[in-house]
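# Residue-level structure breakdown
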Amino acid sequence: MDHIAWEEPFCGDGNNCFRIGIDGVGNAYIAINGAEDHYLTDTREALRTLIRDIKAGKADHLL
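All values reported here derive from a predicted model rather than from experimental measurement.

### So, the state of the cysteines
Overall, the coordinates contain one disulfide when judged by the stated rule. The disulfide bridge from cysteine 11 ends at cysteine 17, spanning 2.0 Å between sulfur atoms. Disulfide cysteine 11-cysteine 17: torsion about the S-S bond near 110 degrees, hence right-handed. Taking relative accessible area as the criterion, cysteine 11 reaches 48% and is therefore assigned partly exposed.

### A short note on the pattern of salt bridges
Under the defined criterion, the tally for this structure stands at three salt bridges. Note that arginine 48 is salt-bridged to glutamate 45, the shortest N-O span being 2.5 Å. With arginine 48 and glutamate 45 both in helix α1 (residues 44–55) and three residues apart, the pair spans about one turn of that helix. A salt bridge links aspartate 53 to lysine 58; the nearest nitrogen and oxygen atoms lie 3.5 Å apart.

### Overview of the side chain of glutamate 36
Among the structural elements, glutamate 36 can be located in the loop between β4 (27–32) and β5 (40–43). A distance of 3.0 Å separates polar atoms of two side chains, one belonging to glutamate 36 and the other to arginine 19. A distance of 3.1 Å separates a polar atom in the side chain of glutamate 36 from the backbone nitrogen of glycine 34. Excluding residues within four positions of it along the chain, glutamate 36 makes contact with Trp6, Arg19 and Ala31.

### A short note on the pairing of β4
Taken together, the five bridges between strand β3 (residues 17–22) and β4 define a ladder with antiparallel strand orientation. In the strand pairing of β4, glycine 21 is matched with tyrosine 29. Here four bridges tie β4 to β5, and the two strands are oriented antiparallel to one another. Looking at the pairing, isoleucine 30 lines up with leucine 40 of β5.

Each value, and the rule that gives it
Residues numbered from 1 in each chain as written. Predicted model: local features only at pLDDT ≥ 70, side-chain atom pairs only at ≥ 80, totals over all residues. Heavy atoms only, no water. Disulfide = S-S within 2.5 Å. Buried < 20%, exposed > 50% of the residue type's maximum accessible area, 1.4 Å probe, protein only. Salt bridge = Lys/Arg side-chain N within 4 Å of Asp/Glu carboxyl O. Helix = DSSP H or I, 4+ residues; strand = E, 2+ residues; numbered from the N terminus. Polar contact = N/O pair within 3.5 Å; in protein donor to acceptor, adjacent residues only side chain to side chain. Contact = heavy atoms within 4.5 Å. Pairing = 2+ DSSP bridges.

All quantities given are derived from atomic positions and should not be read as evidence of function.
Put into structure tokens, the structure is as follows:
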């Protein structure tokens, strides 16, 4: 596995922080801040689709 380049945490109220990262071979990662060794991974395209769908309101029912 290549090195994961983590973005700064995205934090909500309290300490609910998530981090998104990418590696050099096209994989994307999501982890809880401080627990980056326990991550979910998929392709960058899958992450791109997830972000677009969230921005389009497809996950608003979860809020």
